[in-house]
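# Per-entry structural report
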Amino acid sequence: MDVLSEVLKVVKLQGALFFNGEFSSPWSFCSPASNELAPYVATAAKHVVVYHLLTEGHASARLVDGECLALEAGDIVIFPLGDAHILAHGRPPKTEAMAKELARLLSQGLKLSRTGGGGEVTQFVCGFMACEPRLSQVFLNGLPPMFKVGIRNDASGRWLENSIRFSVNESDASRAGGEAVLAKLSEVLFVETLRTYIAHLPPEQTGWLAGARDSEVGMALALMHRNPAHPWTIGSLAKEAGVSRSVLAERFRHYLNEPPMSYLTRWRLQVGAQMLASTSYSVAQIASEVGYESEAAFNRAFKREFTIPPARFRKQSRSAHTTVPATKSRLSA
């Protein structure tokens with residue numbers, strides 16, 4: 001059972017490719033933080049993960065105030081927390097601020113955009129992944145603010161890159177279903193990158209992603225995420241995972257620094273909070289959906305986690321959503 005797949009079913013990723021660029025060295029541009037990009041590409045309530053797939057040439061990527069990564073063709077660099085960052089090659093006189101050009105760049109779709117000083121050519125296909133911010137923190141918090149993965153190391157990655165390049169090149173033809181294909185390829189690319197990243201974590205790594213890779217802990221996590229309303233106990237989870245209760249508890253604490261039942265309680269409440277903010281279900285219905293036998297029990301647990309009762313949380317969430325200016329996005333379009 002695949003715990004990452006179970007989580008992604010709930011998070012409901014929405015992806016798209018938004019920029020197809022060719023740069024000749026020297027060049028440098030600063031991509032804004034995702035909260036600046038979000039109004040142009042996704043609904044205001046979504047968290048936006050930005051990534052860049054390098055399809056030709058060389059470049060470097062760095063956080064505005066952090067580390068630098070060298071990139072080569074076949075690398076994808078991801079900014080899961082949405083930090084502002086700089087992509088560059090060579091030493092141009094200045095770094096162009098992409099934030100000033102967002103409206104113009106995004107209005108042209110995936111038409112190839114060329115710029116630079118006339119030297120070595122680098123090509124990028126840039127995309128984003130919008131996801132429910134509260135639930136996606138489960139796996140996003142286990143990722144560094146910037147990381148890269150080479151997708152040309154196996155056949156599936158090479159096929160995926162070739163499919164993206166072909167679809168981007170064909171995007172101007174306005175073929176029926178073209179945007180849907182690009183959106184799905186964007187989602188697959190993101191998930192495939194996460195899978196590769198998890199597979200190459202060092203053996204001593206801890207955290208949610210490392211726990212998801214562990215056979216026993218991963219099984220327990222997958223069971224809880226697949227059916228959070230089930231009356232799980234440490235004993236029933238251990239039985240399904242094929243280990244003793246003490247072994248599961250010890251391994252779970254090693255990777256996630258908390259007992260399985262504490263994790264399950266927090267996840268149930270996070271799902272409940274998401275349902276309060278996005279559905280019209282009654283509090284009693286939501287309580288049942290996330291595994292509470294009574295509305296009163298859910299209310300008490302929810303207030304301990306979020307400091308306010310569910311009804312007030314729902315009211316504040318909807319009020320915050322309606323105060324955000326409505327901006328037409330690629331996703332809503």
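Residues numbered from 1 in each chain as written. Predicted model: local features only at pLDDT ≥ 70, side-chain atom pairs only at ≥ 80, totals over all residues. Heavy atoms only, no water.

## Here we look at the pattern of salt bridges
Oppositely charged side chains can form a pair if their charged atoms are brought close together. This model, assessed by the stated rule, comprises 13 salt bridges. Glu-6 is the salt-bridge partner of Arg-226, the closest N and O atoms lying 2.9 Å from each other. Taken as a pair, Arg-226 in helix α8 (residues 215–226) and Glu-6 in helix α1 (residues 3–11) lie far apart in primary sequence, 220 residues in all. Under the relative-accessibility criterion, Glu-6 is labelled buried at 5%. One network of salt bridges, in which partners are shared, links Glu-6, Lys-9 and Arg-226. (Salt bridge = Lys/Arg side-chain N within 4 Å of Asp/Glu carboxyl O. Helix = DSSP H or I, 4+ residues; strand = E, 2+ residues; numbered from the N terminus. Buried < 20%, exposed > 50% of the residue type's maximum accessible area, 1.4 Å probe, protein only.)

## Points about the environment of Val-10
By secondary structure assignment, the location of Val-10 is in helix α1. Its relative accessible area of 25% is what places Val-10 among the partly exposed residues. Taking the C-alpha atoms as reference points, Val-10 and Cys-131, 121 residues apart in sequence, are found 9.7 Å from one another. Val-10 has contacts with Leu-135 and Trp-267, leaving out every residue within four places of it along the chain. (Contact = heavy atoms within 4.5 Å.)

## Quick word on the sheet that holds strand β9 (residues 113–116)
Pairing in this open sheet of 6 strands is mixed, and the strands run β9-β1-β10-β3-β6-β11 from one edge to the other. The two strands at the open ends of the sheet, each matched to only one other strand, are β9 and β11 (147–150). The mean inter-strand angle of the sheet, taken between neighbouring strand axes irrespective of direction, is 25°. By the bridge criterion, 4 bridges tie strand β6 (residues 75–79) to β11 in an arrangement that is antiparallel. Bridge pairing in β11 places Ile-76 opposite Val-149. (Pairing = 2+ DSSP bridges. Axes fitted to C-alpha atoms, helices over the stretch in contact; angles between N-to-C directions.)

## Things to note about the packing of helix α4 (residues 133–140) against helix α11 (residues 260–278)
Running from amino to carboxyl end, α4 crosses α11 at an angle of 145°, the nearest separation of the two axes being 8 Å. Facing α4, whose interface residues are Arg-134, Leu-135 and Val-138, α11 presents Tyr-263, Trp-267, Gln-270, Val-271, Ala-273 and Gln-274. A class-by-class count of the residues in the contact of α4 with α11 yields 6 nonpolar, 2 polar and 1 charged. (Nonpolar A, V, L, I, M, F, W, Y, C, P; charged D, E, K, R; others polar.)

## Describing the packing of aromatic side chains
For the structure on display, the rule yields 14 aromatic pairs. Aromatic pair Phe-19 and Phe-23: ring centres 6.3 Å apart, planes at 45°, arrangement tilted. A single burial state applies to Phe-19 and to Phe-23, both of which are buried. Aromatic rings pair up to connect Phe-19, Phe-23, Trp-27, Phe-29 and Phe-124 into one cluster. (Phe/Tyr/Trp six-rings, centres within 6.5 Å; stacked < 30°, edge-to-face > 60°.)

## Considerations on the nonpolar core
Counting 71 residues, the largest nonpolar core has Phe-139, Ile-164, Trp-208, Leu-221 and Phe-298 as the members making the most contacts within it. Residue contributions to this core peak at 8 residues, all from α11. If we ignore the near neighbours within four places in the chain, the residues touching Phe-298 are Leu-269, Gly-272, Val-283, Ile-286, Ala-287, Val-290, Tyr-292 and Pro-310. Residues Phe-23, Phe-29, Leu-71 and Leu-102 belong to the second largest nonpolar core, which totals 30 residues. (Core = buried A, V, L, I, M, F, W, Y, C linked by side-chain atoms within 4.5 Å.)

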